[in-house]
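For reference, the chains in residue letters:
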Amino acid sequence: MKLIVQIPCYNEAATLPQTVADIPRNVPGFDSVEILIVDDGSSDGTAEVAARIGVDHIIRHPRNMGLARTFSRGLRECLVRGADVIVNTDGDNQYAGDCIRDLVAPILAGEADIAIGDRGTDRIDHFSPLKRLLQRSGSRVVRTISGLDVEDAVSGFRAYSREAALSTNVLSEFSYTIETLIQAGNNGIAVVSVPVRTNPVTRESRLFKSIPSFLSKQLITLLRSYVMYYPLRVFTAIGMLLVLAGTLPVVRFVWFFLQGDGEGRLQSLVIGGVFVVVGFITLTLALLADAVAMNRRLLEQTLRSVRRLELGAQGMPADEGAAEAPAAGETPPELPAERPRRAAG
C-alpha cells in the first residue's frame, strides 16, 4: 500500500519546509509514504526548495493555473505514481501533519472513500465571527445540496481512495472543495468528516482576499455545480414557478371576464400567457437537461475506465513536467517547464 501526500503550492518557499517536516513518513497500514508537490508557477523558488528538502516528486507549471487545476493535476500525478490513498494538504502548514494518520483511518477501514478534515472552525482563534458564520452557513448549504454529512465543506485537508480519485473531475477554476463534494454526493461516494488540528496561521488566505469576492466565487461554483449535477430539480422548480406566476393573471382575467368586466384587462391575459408558455418551455428544458446529465454520467464512467486502462499500462512514462528530488547533498537540478498538454476528458 502506498500513500502519497500532495501539496499544491504557489510561492510557498517560506512555509513548505515546515509543512514537509510535519508529514509523517511512517503511517500504519502503508508500506511507503511519499510527498508530491505541484508548483503552480511560483516565482520564489518553491520547486528548488522542495528539491532541497527531499520532496519525492515535483511537478511544475510554467505559469499560475489556479488552485482547482493544480489540485486536479496533483490527483492525476499521484495516480500515475501508484498511490492507493492520496492526501491533499496546504503548503502554508495550516493543517497538523500528524493528523494524516487519523484522516486515512476511515479509508483503510473501508468505511469511506473520501475523508474531509474538520478544523472545528468555531474554535479557530484567528477566524473572525463573520468568517466563522460564513464557514458554518456554507457548510450547511453544501450538506443540504450534496446529502453528505460534512462539517467543514471548504477544508482542503482531505484523503481520497484510489477509486474516489479516479472518479473525481474538477471543472471549477477557483476552488475544488465544494464542487468535488457535490460530485461525490451525486455519485454515491461515501464521505466522512474527521476532526483535525490546525497550526498557528503563517500567512493570510489567498482564496479569502475579501468577503464579497470570496462569496461571489463560491456562490458561482455552488450554483454551477448544483445545476450540473441536479438539472432536473433546478429547471423543474424554475418552470413550475413560471407557470404559477403566469396562471395567476390568467385566472384574474377569467374571473373578470365571467362577470362581464373583461374589457381593458387583456394585459393580464397576455402577461400570464407569456409566463405560462415560458414555464412550459423551461419544463421541457428540464427533461433535456436531465438527458444531458445522464449522458455526462456515461461519459464519466467511460473516463474512469480509460484512466484505469492508462494507469494499468506497462511502462507508462512520467510527464515531462515531473522532476525527482536529488539525493541529500546534491545540487538541485534545473527543473524543466511543463509542456502544454490537452486537458483530460
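Up top you'll find the structure we're talking about.
Calculation notes
Every chain is numbered independently, its residues counted from 1 as its sequence is written. Only residues with pLDDT of at least 70 are given local features in this predicted model, and only at 80 or more are side-chain atom pairs given and counted; all residues enter the totals for whole chains, interfaces and linings. For side-chain calculations, the full set of non-hydrogen atoms in the structure is used, while hydrogens and water are omitted. Here a helix means four or more residues in a row that DSSP labels H or I, a strand means two or more in a row labelled E, and each is numbered from the N terminus. Burial classes: relative accessible area under 20% of the type maximum marks a residue as buried, over 50% as exposed, and values in between as partly exposed (1.4 Å probe, protein chains only). Residues count as neighbours in contact if any of their non-hydrogen atoms are within 4.5 Å of one another. Surface accessibility follows the Shrake-Rupley procedure with a 1.4 Å probe radius. Residue values consider only the protein chains on display as shielding. Residue types Ala, Val, Leu, Ile, Met, Phe, Trp, Tyr and Cys, when buried and joined through side-chain atoms within 4.5 Å, form a set referred to as a nonpolar core. Any carboxyl oxygen of Asp or Glu that lies within 4 Å of a side-chain nitrogen of Lys or Arg is treated as forming a salt bridge with it.

> Help me get a handle on the overall build of the chain, residues and values and all.
Tallying secondary structure elements over the chain gives 10 helices and eight strands in all. Taking all 345 residues of the chain together, the buried fraction comes to 46%. Considering only residue pairs separated by 6 or more positions, the chain has 74% of its internal contacts joining residues 24 or more positions apart. Split by element, the accessible area of the chain, about 17,300 Å² in all, is 60% carbon and sulfur.

> Got a sec to walk through unusual backbone geometry? Specific residues and values, please.
Despite not being glycine, N11 has its phi angle at roughly 55°, a positive value. Among the structural elements, N11 can be located in the loop between β1 (2-9) and α1 (16-21). With a phi angle near 60°, N93 is a residue other than glycine that sits in the positive phi range. You can see N93 is positioned in the loop between β4 (85-88) and α4 (100-108).

> An account of the environment of R252 is requested, with residue identities and associated values reported.
Mapped onto the elements, R252 comes out in helix α9 (residues 231-258). Measuring from C-alpha to C-alpha, the distance between R252 and S268 comes to 7.2 Å, with 16 residues separating the pair along the chain. Each residue touching R252, except ones within four places of it in the same chain, is listed here: R265 and S268.

> How would you explain the nonpolar core if you had to name every residue and give the values?
Nonpolar side chains in soluble globular proteins tend to be buried together. Ranked by internal contacts, the top residues of the largest apolar core, which has 34 residues, are I86, I114, L181, I182 and V191. Among the elements that line this core, the one with the most residues is helix α3 (residues 67-80), at five residues. Judged by nonpolar contacts, the second largest core, of 31 residues, contains I7, F30, A115 and V194.

> How would you explain the pattern of salt bridges if you had to name every residue and give the values?
Taken as a whole and judged by the stated rule, the model has 11 salt bridges. Of the charged contacts in the structure, one is a salt bridge between E77 and R81, with a shortest N-O distance of 2.7 Å. Comparing E77 with R81 shows no difference in burial state: the two are buried. Salt-bridge contacts for E163 lead to R308; the nearest nitrogen and oxygen are separated by 2.4 Å. Pair noted here: E163 is in helix α6 (residues 162-167) and R308 is in helix α10 (residues 266-312), with a separation of 145 residues, a long-range link.

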